[in-house]
Amino acid sequence: RKEVEQDPGPFNVPEGATVAFNCTYSNSASQSFFWYRQDCRKEPKLLMSVYSSGNEDGRFTAQLNRASQYISLLIRDSKLSDSATYLCVVFGTGGGNKLTFGTGTQLKVEL
Amino acid sequence: EPEVTQTPSHQVTQMGQEVILRCVPISNHLYFYWYRQILGQKVEFLVSFYNNEISEKSEIFDDQFSVERPDGSNFTLKIRSTKLEDSAMYFCASSSRTGWDTGELFFGEGSRLTVL
């Protein structure tokens, strides 16, 4: 089983739509969880952290379910500029002090 | 805004040649990382560096790879004898604290390595 698993997509959605991405992780001892965004051929950038209580940042909502080892990201009112690859990222997998990235889910927002 | 800078942005080399990729992390950061991303694949951890020594490395980071912080500002990745499969984008990253409490690694724009 992959350490961090995501549906690669692409998700093609119209502007204004709501879209949800899911991620699962294999190591129950993982400590912290994040969503990063990566534009084509660019570096990853932190989008938001993910907490068990759920957290929201504008149009973005992230949720963590430790029991199911499942992380989600919801984007409301999607915009053309949201088109990117969304990376599920886990810290502390395997006891290490590093970030482990999923393969990413590609989002394309269309007119 | 402070940023991580990497040079070169693109390097083409022949198989078997040595390559050095350079990074200048953000000045007050203490933790440094190299990641790589083969085209179309995920971002993979190579090595982390703290207090002038390697703190963790992956299986990818074999004897062909080495890192150095020679002068307190630069952080370099050396590949001693490049192979075709080393072709990838190499990202340098730095952090002021370990990833667990902020999750924010600041990445450079990457150095694309093409091995022919």
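These numbers were taken from a predicted model, which means no experiment stands behind them.

Trainee: Please provide a residue-by-residue account of the overall build of chain B, values included.
Mentor: Looking only at helices and strands, one finds one helix and 11 strands in chain B. Moving toward the C terminus, one meets the helices and strands of chain B in the order β-β-β-β-β-β-β-β-β-α-β-β. Relative to its length of 116 residues, chain B is compact, with a C-alpha radius of gyration of 13 Å against a globular reference of 13 Å. Dimensions along the principal axes, computed over C-alpha positions, put chain B at roughly 40 × 30 × 25 Å. Residues counted as buried form 47% of the 116 residues belonging to chain B. Considering only contacts within chain B whose residues lie at least 6 apart along the sequence, 54% involve residues at least 24 apart. In the form shown here, chain B has an accessible surface area of approximately 5,900 Å², with 45% of it arising from carbon and sulfur atoms.

Trainee: Could you give me a rundown of the packing of aromatic side chains, with the residues and numbers involved?
Mentor: Throughout the structure, instances matching the rule amount to 16 aromatic pairs over all chains. Both rings, one in Phe11 of chain A and one in Phe21 of chain A, keep their centres 5.3 Å apart while their planes meet at 90°; by these two values the pair is edge-to-face. With Phe11 of chain A in strand 2 (residues 11–14) and Phe21 of chain A in strand 3 (residues 19–25), the pair connects residues that are 10 residues apart, well separated along the chain. For Phe11 of chain A, a relative accessible area of 23% gives the class partly exposed. On the numbers, 4.7 Å between centres and 40° between planes, the contact of Tyr25 of chain A with Phe33 of chain A is tilted. Each member of the pair, Tyr25 of chain A together with Phe33 of chain A, is buried. Of the aromatic side chains, those joined through ring pairs into one cluster are Tyr36 and Phe101 of chain A together with Tyr33, Tyr35, Phe45, Phe91 and Phe107 of chain B.

Trainee: So what's going on with the interface of chain A and chain B? Which residues, and what values?
Mentor: Contact residues are listed per partner, giving 20 residues for chain A and 21 residues for chain B. Across the interface of chain A and chain B, roughly 1,800 Å² is buried in total on both sides, 55% from carbon and sulfur atoms. At the junction of chain A with chain B, the criterion picks out one salt bridge. Of the charged contacts, one joins Lys98 of chain A and Glu56 of chain B as a salt bridge, the two residues approaching to 3.2 Å between their closest N and O atoms. On the surface where chain A and chain B come into contact, there are four residue pairs in polar contact (both at pLDDT 80 or more).

Trainee: Could you give an account of the state of the cysteines, with specific residues and numbers?
Mentor: Under the criterion given, the structure shown has two disulfides over all chains. The residue that forms a disulfide with Cys23 of chain A is Cys88 of chain A, at a sulfur-sulfur distance of 2.0 Å. Here the disulfide of Cys23 of chain A and Cys88 of chain A is left-handed, its torsion about the S-S bond being about -75°. Here Cys88 of chain A lies in strand 9 (residues 84–91) and Cys23 of chain A lies in strand 3, a separation of 65 residues in the sequence. In this pair, the class of Cys23 of chain A matches that of Cys88 of chain A, namely buried. One disulfide bridge connects Cys23 of chain B with Cys92 of chain B, the sulfur atoms lying 2.0 Å from each other. As the torsion about the S-S bond is roughly -65°, the Cys23 of chain B-Cys92 of chain B disulfide counts as left-handed. Of this pair, Cys23 of chain B sits in strand 3 (residues 19–24) while Cys92 of chain B sits in strand 9 (residues 88–95), placing them 69 residues apart in sequence.

Trainee: For the layout of surface pockets, give the residues involved together with the corresponding values.
Mentor: Looking at the largest pocket, its volume works out to about 470 Å³. Within the residue set of the lining of the largest pocket, elements represented by two or more residues are strand 9 and strand 11 (105–110) of chain A together with strand 9 of chain B. Looking at the lining of the largest pocket residue by residue, the class counts come to nine nonpolar, nine polar and five charged. Taken as a whole, the second largest pocket spans an internal volume of roughly 410 Å³. Glu43 and Lys45 of chain A together with Glu3, Phe107 and Glu109 of chain B are the residues nearest the centre of the second largest pocket, which is lined by 22 residues in total. Secondary-structure elements contributing two or more residues to the lining of the second largest pocket are strand 5 (44–50) of chain A together with strand 1 (5–7) and strand 10 (106–107) of chain B. The leading source of residues in the lining of the second largest pocket is strand 5 of chain A, at three residues.

Trainee: For the sheet that holds strand 8 (residues 75–79) of chain B, give the residues involved together with the corresponding values.
Mentor: Residues and elements named next belong to chain B. An order of 1-3-8-7 is seen for the four strands of this open sheet, with the pairing classed as antiparallel. Each edge of the open sheet carries a strand with a single partner, namely strand 1 and strand 7 (65–68). The mean inter-strand angle of the sheet, taken between neighbouring strand axes irrespective of direction, is 15°.

Conventions and cut-offs
- The written sequence of each chain sets the order in which its residues are numbered from 1.
- Here the convention is simple: chains get letters from A, ligands get numbers from 1, in the order in which they are written.
- Totals for whole chains, interfaces and linings use all residues, but because this is a predicted model, local features are given only for residues with pLDDT of at least 70 and pairs of side-chain atoms are given and counted only at 80 or more.
- As a rule here, side-chain values cover all heavy atoms of the structure and leave hydrogens and water aside.
- Only runs of H or I of at least four residues qualify as helices and only runs of E of at least two qualify as strands under DSSP, and these elements are numbered from the N terminus.
- In this setup the radius of gyration rests on C-alpha atoms only. A globule is expected at 2.2 Å times the number of residues raised to 0.38.
- Between buried and exposed lies partly exposed: a residue is buried under 20% and exposed over 50% of the maximum accessible area for its type, with that area taken using a 1.4 Å probe on protein chains only.
- Only heavy atoms enter the contact rule, under which two residues are in contact if any of them lie within 4.5 Å.
- Residue-level accessible areas treat just the shown protein chains as cover; the underlying method is Shrake-Rupley with a 1.4 Å probe.
- Each aromatic pair joins two rings of Phe, Tyr and Trp (for Trp, the six-membered one) with centres within 6.5 Å, and gets the label stacked for planes under 30 degrees apart, edge-to-face for over 60, and tilted for any other angle.
- Accessible area that two parts lose when put together, evaluated with a 1.4 Å probe and summed over both, is termed the buried area.
- Any Lys or Arg side-chain nitrogen located within 4 Å of an Asp or Glu carboxyl oxygen qualifies as a salt bridge.
- Polar contact criterion, stated in full: a pair of N or O atoms within 3.5 Å, where within protein one must be able to donate a hydrogen and the other to accept it, and residues adjacent in sequence count only if both atoms are side-chain atoms.
- Pairs of cysteine sulfur atoms within 2.5 Å are what we label disulfides.
- Cavities and pockets were defined on a 1 Å grid built from protein atoms only: a cavity is a group of points that admits a 1.4 Å probe but offers it no way out, a pocket is an open group of points flanked by protein on both sides within 12 Å along at least five of seven lines, and a lining residue is one with an atom within 4 Å of any such point.
- Grid points are joined across faces, edges and corners, and a volume is the space filled by probe spheres set on the points.
- Amino acids are sorted into nonpolar (Ala, Val, Leu, Ile, Met, Phe, Trp, Tyr, Cys and Pro), charged (Asp, Glu, Lys and Arg) and polar (every other residue, Gly among them).
- At least two DSSP bridges between two strands are required for those strands to pair.
- All axes are obtained by fitting lines to C-alpha atoms, using only the stretch in contact for helices, and the reported angles, taken between N-to-C directions, cover 0 to 180 degrees.

That is the geometry; function is a separate question.
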